[in-house]
2 protein chains.
Amino acid sequence: MRASKYLFSTLKETPNDAQVVSHQLMLRAGMVRPLASGLYNWLPTGLKVLKKVENIVREEMNKSGAIEVEMPVVQPAELWQESARWEQYGPELLRFKDRGNRDFVLGPTHEEVITDLVRREVSSYKQLPLNLYQIQTKFRDEVRPRFGVMRGREFLMKDAYSFHTTKESLQETYEVMYQTYSNIFNRLGLDFRAVQADTGSIGGSASHEFQVLAQSGEDDIVFSTESDYAANIELAEAITVGERQAATAVMELIDTPNAKTIADLVEQYNLSADKIIKTLVVKGATEAQPLVALIIRGDHELNEVKAQKLPEVAEPLEFADEVVIREKIGAGVGSLGPINLTIPVIVDRSVAIMSDFVTGANIDGKHYFNVNWERDVPLPKVADLRNVVEGDPSPDGKGTLLIKRGIEVGHIFQLGDKYSKAMNATVQGEDGRLETMIMGCYGIGVSRVVAAAIEQSNDDRGIIWPTDAIAPFTVAIVPMNMQKSESVAKYAEELYRTLLSQGVDVILDDRKERPGVMFADMELIGVPHMIVIGEKNLAKGEIEYKNRRIGEKQMISKDQLLDFIKSQINK
Amino acid sequence: MRASKYLFSTLKETPNDAQVVSHQLMLRAGMVRPLASGLYNWLPTGLKVLKKVENIVREEMNKSGAIEVEMPVVQPAELWQESARWEQYGPELLRFKDRGNRDFVLGPTHEEVITDLVRREVSSYKQLPLNLYQIQTKFRDEVRPRFGVMRGREFLMKDAYSFHTTKESLQETYEVMYQTYSNIFNRLGLDFRAVQADTGSIGGSASHEFQVLAQSGEDDIVFSTESDYAANIELAEAITVGERQAATAVMELIDTPNAKTIADLVEQYNLSADKIIKTLVVKGATEAQPLVALIIRGDHELNEVKAQKLPEVAEPLEFADEVVIREKIGAGVGSLGPINLTIPVIVDRSVAIMSDFVTGANIDGKHYFNVNWERDVPLPKVADLRNVVEGDPSPDGKGTLLIKRGIEVGHIFQLGDKYSKAMNATVQGEDGRLETMIMGCYGIGVSRVVAAAIEQSNDDRGIIWPTDAIAPFTVAIVPMNMQKSESVAKYAEELYRTLLSQGVDVILDDRKERPGVMFADMELIGVPHMIVIGEKNLAKGEIEYKNRRIGEKQMISKDQLLDFIKSQINK
C-alpha cells in the first residue's frame, strides 16, 4: 500500500468522549469512526486488523474440525418464541416487524437458528458430533454502549455450536474448544486467563471465560498465588477460615441516630467494618416467603450470582422495595439485623464465625452491639454469599487469591439440552429411538479482541501490536525527502516492490509530509518494523531500522537489509 | 476435508417450491437452506463457494486501488432524512426503532453512510480521488422474495463509492471499475455482458449493468448483431425505419361491441396488430395536465423508463385510474384514441409513420378504421416510447438487435453530486474554495453471483462450476470400499494428505456409503476433478480420473497422478 493512496485519518488530539485507552487509540489511529451510539464504521487501518484477527480465528476453528456456516442477521420471531427467549430476553433483543407485519429480531446470538437448522439436517447419531461455527455480524441493543467497539451494539462475533448425543462427546468437544481458544489467544499474543464462569441466563452446566488481563476490564477475575485455579469473581467460592471466638461482652441496645451505613458506624463508634454485619433484604422465590434477608460482613460485597442460586431467593436477584421492608419489619434499611426478624435469614460463612458483632436492631436509629450467635440469636442458615477478596484461601486448597481486572474475549459453555429440548431437536440413537441432542456453544468477540489487544499493549506514542500477525501493516518504509532525492526514491520504490513480491504486508510512506508526521503516524497505528531511508545513510550503504516494541534505532547494512527484516518479523 | 466429518445435506428430490434451476440445485447440493422468506442459512458447501467468490472480488478490487472499509448494517435515520431518501424509498427500506425510540434502517445500500464518513474524513482535493469499498450484509425488504438467494431479502454485496472533484477523475475511476468488473466476471468464468443501463432512482448520469446471460434472468438485454452495442432494454433506443405511406382508404367509425383489446380486434376484424394503435393514459407531471395519453403500436410494449423521463409525464410512471379516465374522456380504456382527445398526446416514433390504422374512438364499443395522421387528426408530439424488439436497427447504426435474458450481477454508476450536494459533502479545492465532491458507486451482488454461475452452468446431475476457482472443493478422492480394502484406504489417505499439504482444496469421501451415493454427491455439488480409487486398478498401478465438465473417465498411472491432477486444475 502506498500511503498517498491510503485513507489514514489519524488524529493528533485524543477525542474527549473516549474513556479507555483502546477507544482513544482506535479513534486516533483512524481505525474506527462512530456512526451512531454503539455503531462504528471500520476504516481501512481498523478493518485490516479486524480481518487478520478473523483469519486467525477461522484457521484455528478449521483446524479443530469445526465447520463454517453462515446464518442471517435477521431472524424470525417464531424460533425465539419456541425457545421462550422471546419473553425472557430483555430490550437488548432488538425486535421489529417486516413490511408484512411479521415479527423479527436482529440476532444477538444464534442458538435458536442453529438448533432449527440442525434438527432439520441431522437425523442420526451417526452424523454427530457436529460443531458448526460462523463469523458474523451481531446486534445487541445495549442500554449504555461504551468503550468504543469493546461494548458496541453491532459487533463481529465468532459463534460455534456443537451437537452430541452423549455428555462424554460434549465434554470432548468442549476440551477441544478450550484448547483451540487457548491457541487462538496465544497466536494473538494476548496475556489471557481461562477462568471458570457462571453459565448465566444462557443456561447449562460447565463454562469458562477467556479473559484478557487489563486495568480497564469490566470483570473481576480471581487467581490462586500457587495453583492454576482461576475463576470469574461471580463463581469463585469464598472459603472462610478460622472458628467462632467465645463472647466477651454483654449485648447492648445503643442509640445510633446518625448511623445509617457501615461507614457511619465505623466512623462514629470507632469500630472495624469486619465487626459489623450488613443485612440486605431481597425478594423471595415464593409467594409464601416474599422477602429474604441476606447477611454479609460489613467489609464484604454481596455476590448476586451466588445469592440468586439459593432456593429461597428469587432469580434474577432483586432487592426489596424500601416501603415493603418498612411495612414488614418496621425499620428502614439502615437499621436492619437478624434479631427478632420474622423473615427467612441466610448468613454468609464469614458472618457465621463472628462474635461480639454489631447489627441493626430493626428499630430506626438503634443498633445492638456485642451480639453473639446462639447466645443472643439463633444462627440462621449459612451459605457462601460474598465475593472473594484478595488473600482469601484458594478454593483448591493451594495458595491464596489474587484479583485482577479482565476483558472477556471468549466464552465456552456446555449448554446441555436447554435449546434442543425446548425446540425438540432429536436424532435417532443407536437403539433406534429418538434422543434429544445436547449442545455446547463457544463464542469469541472478534471486534472486541482488537480493542483488548490495544488495551493491553500501547505506549504514549500509540499502539504496540502484541504480534506482527495482527498489525495493520508489518513493515513501513519511510523515505526522507523522497520527492527531492532521486537515490532515496529509487531505493524506496525497489524495496517496496521487493517486499510486496515476497508477500510482506508493507506500506510505503510516499506522502509529501514532514518526517515527524510520517514517524508519528506509523508509530500511532503500530507498524512493528520501520525502515527509514535517508540520502546520507544510503550513500554510506546503511539503512535505519526501528522496532516499534523495542523502540531503539539500528543501522543495517544495505546488503543485509532484506534478510534482517525477515528475521525480525514475528520475533 | 473428510466427508465423514462434513455436513453434506444433499437432497435426492428437487424441492417443489424452487422455480429456477439455481435455486433447485443450491437446495439439492446442500448449499443453502431457507430460514424465512428471503432469508437463507449458508451451509458449508454454499459458504465455501460464496467465500471463494468474495475473495476474487476482494483481490480485484484491491488491485484496482480501491480501499476496503466496513460500515454497519444498522444505520441511523437522520442520514436518510438528510438525503431525502427517508421519504423517497419505498417499503423495501426496513425501518425500526431502537430501545431509545430512535429511528434506524437496515441498510439496503450505503450512499448516505459513506458520504457522511467521507465529508468528515476528507477535507482537501489532495486526498482525492478515493474509492472505498466493503463486502457486507445488506437487507432489502422485497415484496416478493424469489429464486432463492437470487432475490433474497438479506444478501452479501460488494459496494464501492468513489469521490472526486472533477468529472474527468470520476470518468477515470468509472473506467477502472468497468475494467475491474470485467476482470472479476472473467475470472469467475461467467458469460456476461456489460450493458448501458438507466440510472433509475439512485440518480446520476452514466451507468452500466453487468449481466450474466441466462434464460431465467429477469432483465431483457439488447445486443447488436454486428457491433459491441449492448444495453438494458429499459435504455435501448428504438430506431424506427421507413416513412409514412399515403392514405388509401376513407376513415370509418365502426361498431366494435366485443373488442376491448388489441387481441380482440385482431381476431374479430382480421387485422394485423401493427395496423392498430394502443392508447394508454398515465398521470401527468403537473396539476394543470393531470392526464397524458401515450400511444404505441398494437404489437409493441410501452417502455416505462423512457415514458417517465418525458417532461409531461409524472415520475415514477403511474397509470391513470379507470374512473378518472371515463370521467375525463367519456369512454373506457378499451376504446381510447387520439381523435377528439382533450388531453396531451405523445405518440411513439413507429406510430408516427403508420397510415390507414385503427384506433379507439373515445366512444364505448366503437373504433375508427383507416385513420391517417394530418388528414384525420393532427400528428401529436413524437417520442421514443416503446421497448425495442428483435430485428430493430442497432442505435449505433451497425447491424440489428437481438434480445436475451440476463441476471444483473453488477452495476456501476456515475452518481454526480446527488448525495454529496444533499449532504453538503465538500472539500477545499485547488483555489482554496469549498467544492461539492462528485461520486461514483459500484455494486456486485456477491451471493447472487453464486446463483447466476449455477444458472449458467449445470446438467441433470448437478452443478458444473464455470471455474475450479469457485468450486466448493477442487478435487474429490472417492475410494471404493475403503472400510474393507487396506490398500485402497492406505493410498487414499496418503493422496489426501499429499494434496492437502500442497494447498489443494480436497475432499476425501471416507463415508460408509455406496459408490453411487458418493459419485452422485460429488457431481451434484460440482467438484471438478474426481479421483476414484479401486482395489483392482490400484493393484495394476492405475487410478481412475473423471472430469466433471467433460464427463469421461480416464485411467492414469499411479506415478503420474499428482502431476496429472495439477495439470488439470483450472484448465
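Residues numbered from 1 in each chain as written. Chains lettered and ligands numbered in written order. Predicted model: local features only at pLDDT ≥ 70, side-chain atom pairs only at ≥ 80, totals over all residues. Heavy atoms only, no water.

K.L.:
So, the overall build of chain A: which residues are in play, and what are the values?
P.N.:
Broken down by element type, chain A carries 16 helices and 30 strands. Expressed along its principal axes, the backbone C-alpha trace of chain A runs to roughly 95 × 70 × 50 Å. Counting only residues that meet the buried cut, chain A has 58% of its 571 residues in that class. With the model as given, the accessible surface of chain A reaches about 24,000 Å², and the carbon-plus-sulfur share is 47%. Positive and negative side-chain charges in chain A, numbering 66 and 83 respectively, have mean positions lying 6 Å apart. (Helix = DSSP H or I, 4+ residues; strand = E, 2+ residues; numbered from the N terminus. Buried < 20%, exposed > 50% of the residue type's maximum accessible area, 1.4 Å probe, protein only. Areas by Shrake-Rupley, 256 points an atom, 1.4 Å probe, with all protein chains shown as cover. Lys, Arg positive; Asp, Glu negative; His and termini not counted. Charge placed at Lys NZ, Arg CZ, Asp CG, Glu CD.)

K.L.:
I'd like to hear about the nonpolar core, residue by residue, with values.
P.N.:
Nonpolar side chains tend to gather and get buried jointly when the protein is soluble and globular. Judged by nonpolar contacts, the single largest core of 209 residues is most densely connected at Phe185(A) and Phe185(B). Ignoring anything within four residues of it in the chain, the contact list for Phe185(A) reads Leu190(A), Phe192(A), Phe210(A), Val409(A), Gly410(A), Ile444(A) and Val449(A). (Core = buried A, V, L, I, M, F, W, Y, C linked by side-chain atoms within 4.5 Å. Contact = heavy atoms within 4.5 Å.)

K.L.:
Got a sec to walk through the side chain of Ser83(A)? Specific residues and values, please.
P.N.:
All names here are of chain A. Position of serine 83 relative to the elements: it lies in the loop between helix H3 (77-82) and helix H4 (85-88). Judged by relative accessible area, serine 83 falls into the buried class, the value being 9%. In this structure the side chain of serine 83 is engaged in a polar contact, spanning 2.6 Å, whose partner is the side chain of glutamate 112. If sequence neighbours within four positions are ignored, serine 83 has contacts with Glu112, Tyr419, Ala422 and Met423. (Polar contact = N/O pair within 3.5 Å; in protein donor to acceptor, adjacent residues only side chain to side chain.)

K.L.:
Residue-level account of the sheet that holds strand S6 (residues 103-106) of chain A, with values.
P.N.:
Residues and elements named next belong to chain A. If you walk across this open sheet you meet the 3 strands as S4-S6-S5, and the pairing is antiparallel. What marks the edges here is a single partner per strand, and that holds for strand S4 (74-76) and strand S5 (94-97). Each neighbouring strand pair of the sheet contributes to a mean axis angle of 35 degrees, computed without reference to strand direction. Note that S4 and S6 share 3 bridges and pair antiparallel. Bridging from a neighbouring strand, valine 74 pairs with leucine 106 of S6. (Pairing = 2+ DSSP bridges. Axes fitted to C-alpha atoms, helices over the stretch in contact; angles between N-to-C directions.)

K.L.:
I'd like a description of the pairing of strand S16 (residues 345-348) of chain B, backed by residues and values.
P.N.:
Residue and element names in this part refer to chain B. Burial along S16 is two-sided: the face carrying Val345 and Val347 and the face carrying Ile346 and Asp348 are both buried. Bridge count between strand S15 (residues 291-297) and S16: 3 bridges; the pairing is parallel. For leucine 294, the partnering residue across the bridge sits in S16 and is isoleucine 346. Taken together, the 3 bridges between S16 and strand S19 (residues 381-383) define a ladder with parallel strand orientation. Across the sheet, the residue bridging to aspartate 348 is alanine 383, located in S19.

K.L.:
Can you lay out empty space enclosed by the protein for me, pointing to particular residues and giving the numbers?
P.N.:
Over the atoms rolls a probe the size of a water molecule, and its path tells where empty space is left. For the structure shown, the criterion picks out 4 cavities of 30 Å³ or more. Considered as a void within the structure, the largest cavity measures approximately 420 Å³ in volume. Residue lining of the largest cavity: 27 residues in total, with Glu70(A), Ile135(A), Gln136(B), Thr137(B) and Leu156(B) positioned closest to the centre. Sort the elements by how many residues they give to the lining of the largest cavity and helix H2 (residues 44-63) of chain A lands first, with 5 residues. Within this model, the second largest cavity holds a volume of roughly 160 Å³. Around the second largest cavity, the lining is made up of 13 residues, and of these Trp42(A), Glu154(A), Phe155(A), Leu156(A) and Glu70(B) lie nearest the centre. Looking at the lining of the second largest cavity, the elements with two or more residues in it are strand S2 (39-42) and strand S8 (154-164) of chain A. Tallying contributions element by element places S8(A) first for the lining of the second largest cavity, with 3 residues. (1 Å grid on protein atoms, 1.4 Å probe; cavity = no way out; pocket = protein on both sides within 12 Å on 5 of 7 lines; lining within 4 Å. Points joined across faces, edges and corners; volume = space filled by probe spheres on them.)

K.L.:
I'd like to hear about the sheet that holds S16(B), residue by residue, with values.
P.N.:
All names here are of chain B. With mixed pairing, 4 strands are arranged side by side in an open sheet as S14-S15-S16-S19. Of all the strands in the sheet, just strand S14 (277-283) and S19 have a single pairing partner and so form its edges. In this sheet, neighbouring strand axes are inclined to one another by 30 degrees on average, regardless of whether the strands run parallel or antiparallel.

K.L.:
Explain the interface of chain B and chain A residue by residue, including any values.
P.N.:
Size of an interface, as often reported, equals the accessible area lost when the parts are brought together. At the junction of the two partners, chain B supplies 51 residues and chain A supplies 51 residues. Carbon and sulfur atoms supply 63% of the area buried between chain B and chain A, which totals about 4,300 Å² over both sides. Contact with chain A buries area across many residues of chain B, yet Leu35(B), Glu70(B) and Arg99(B) alone supply 16% of it, more than any other trio. Where chain B packs against chain A, one counts 6 salt bridges. (Buried area = accessible area lost by both parts, 1.4 Å probe. Salt bridge = Lys/Arg side-chain N within 4 Å of Asp/Glu carboxyl O.)

K.L.:
Describe in detail helix H14 (residues 515-524) of chain A, supporting the description with residues and values.
P.N.:
For an α-helix the count is 3.6 residues per turn, leaving residues at separations of three or four pointing the same way. For H14(A), the set of buried residues is Val517(A), Met518(A), Asp521(A), Met522(A), Glu523(A) and Leu524(A). Contacts made by the buried residues of H14(A) are with helix H1 (21-28), strand S25 (462-463), strand S26 (475-479), strand S27 (506-508), strand S28 (529-533) and strand S29 (542-547) of chain A.

K.L.:
Summarise the relation of the copies chain B and chain A; cite the residues concerned and give the values.
P.N.:
Of the two same-sequence chains, chain B is brought onto chain A (RMSD 0.2 Å, axial shift 0.1 Å) by a rotation of 180 degrees. When the rotation and shift are considered jointly, the pair of chain copies conforms to a two-fold rotation axis. No C-alpha of chain B approaches the rotation axis more nearly than that of Phe96(B), which lies at 3.0 Å. Looking at the interface residues of chain B, 100% of them are also at the interface in chain A, so both copies use one shared face. (Least-squares fit on C-alpha atoms with pLDDT ≥ 70 in both.)

K.L.:
Give a detailed account of the pairing of strand S5 (residues 94-97) of chain B, specifying residues and quantitative values.
P.N.:
Remember that side chains alternate between the two faces of the sheet whenever the strand is regular. Alternating positions in S5(B) separate cleanly, Leu94(B) and Phe96(B) being buried on one face and Arg95(B) and Lys97(B) remaining unburied on the opposite face. Count of turn residues in the S5(B)/strand S6 (residues 103-106) of chain B antiparallel hairpin: 5 residues, of which Asn101(B) carries a positive phi of about 65 degrees.

K.L.:
Quick rundown of the packing of aromatic side chains? Include the residues and the values.
P.N.:
All names here are of chain A. Under the counting rule described, the total for this entry stands at 27 aromatic pairs over all chains. Pairing phenylalanine 185 with phenylalanine 210 gives two aromatic rings, centres 5.8 Å apart and planes at 35 degrees, and the pair type is tilted. One end of the pair, phenylalanine 185, is in helix H6 (residues 167-187); the other, phenylalanine 210, is in strand S10 (residues 207-213), with 25 residues separating them in the sequence. For the pair formed by phenylalanine 185 and phenylalanine 210, the shared burial category is buried. For arginine 511, the ring lying beneath its charged end belongs to phenylalanine 8, and the centroid distance is 4.2 Å. (Phe/Tyr/Trp six-rings, centres within 6.5 Å; stacked < 30°, edge-to-face > 60°. Lys NZ or Arg CZ within 6 Å of the ring centre and 35° of its normal.)

K.L.:
Give a description of the domain arrangement of chain A that names residues and reports values.
P.N.:
Under the domain assignment used here, chain A contains domain 1 (22-236 + 403-454), domain 2 (252-383) and domain 3 (475-568). Using only C-alpha atoms to locate each centre, domain 1 of chain A and domain 3 of chain A end up separated by 41 Å. (Domains from an automatic or database assignment.)

K.L.:
Before we move on, can you summarise helix H6 (residues 167-187) of chain B with the specific residues and values?
P.N.:
Residue and element names in this part refer to chain B. Between its terminal C-alpha atoms H6 stretches 30 Å, which fits the 30 Å expected from 21 residues at 1.5 Å a residue. Within H6, the full set of buried residues consists of Ser169, Leu170, Thr173, Tyr174, Met177, Thr180, Tyr181, Ser182, Ile184 and Phe185. Directly beyond the C-terminal end of H6, a positive phi value near 75 degrees is found at glycine 189. (Expected span 1.5 Å × (residues − 1).)

K.L.:
Break down the packing of helix H2 (residues 44-63) of chain B against H6(B) for me, with residues and values.
P.N.:
Residues and elements named next belong to chain B. Taken N-terminus to C-terminus, the directions of H2 and H6 make an angle of 150 degrees; their axes are 10 Å apart at the nearest point. Comparing the axis directions of H2 and H6 gives the class roughly antiparallel. Viewed along their axes, H2 and H6 form a crossing whose handedness is right-handed. Seen from H2, the contacting residues are Ile56, Val57, Glu59, Glu60, Met61 and Lys63; seen from H6, they are Met177, Thr180, Tyr181, Asn183, Ile184 and Arg187. When its residues are assigned to classes, the contact of H2 with H6 shows 6 nonpolar, 2 polar and 4 charged. (Parallel < 35°, antiparallel > 145°, perpendicular 65-115°, else oblique. Left-handed = near helix turned anticlockwise from the far one by under 90°. Nonpolar A, V, L, I, M, F, W, Y, C, P; charged D, E, K, R; others polar.)

K.L.:
I'd like a description of the environment of Val449(B), backed by residues and values.
P.N.:
All names here are of chain B. Locating valine 449 in the fold gives a position in helix H12 (residues 446-456). Valine 449 sits in the buried class, given a relative accessible area of 1%. Sequence separation between valine 449 and valine 323 is 126 residues, and the spatial gap between their C-alpha atoms is 45 Å.

K.L.:
An account of the pattern of salt bridges is needed here, citing residue identities and associated values.
P.N.:
A side chain of one charge can pair with a side chain of the opposite charge when the charged atoms of the two come close. This structure, assessed with the given rule, holds 96 salt bridges over all chains. The partner of Glu374(B) in a salt bridge is Arg244(B), and the shortest N-O contact between them spans 3.6 Å. A residue pair is termed long-range when its members are at least 10 positions apart, and Glu374(B) in the loop between strand S18 (366-371) and S19 and Arg244(B) in the loop between strand S12 (230-232) and strand S13 (252-255) qualify at 130 residues. Here Lys381(B) ties to Glu312(B) by a salt bridge, and the two come within 2.9 Å at their closest N and O atoms. Of this pair, Lys381(B) sits in strand S19 while Glu312(B) sits in the loop between helix H8 (304-308) and helix H9 (322-329), placing them 69 residues apart in sequence. On the basis of relative accessible area, Lys381(B) is assigned to the partly exposed category, the value being 35%. Each of Asp459(A), Arg461(A), Glu523(A), Lys546(A) and Arg548(A) takes part in one network of salt bridges that share partners.

K.L.:
So what's going on with the side chain of Asp509(A)? Which residues, and what values?
P.N.:
Residues and elements named next belong to chain A. When you line up the elements, aspartate 509 lands in the loop between S27 and H14. Judged by its relative accessible area of 1%, aspartate 509 is buried. For aspartate 509, the side chain forms a polar contact with the side chain of arginine 511, separated by 2.9 Å. Residue contacts for aspartate 509: discarding those within four places in its chain leaves Ala3, Ile477, Pro479, Met518 and Met522.

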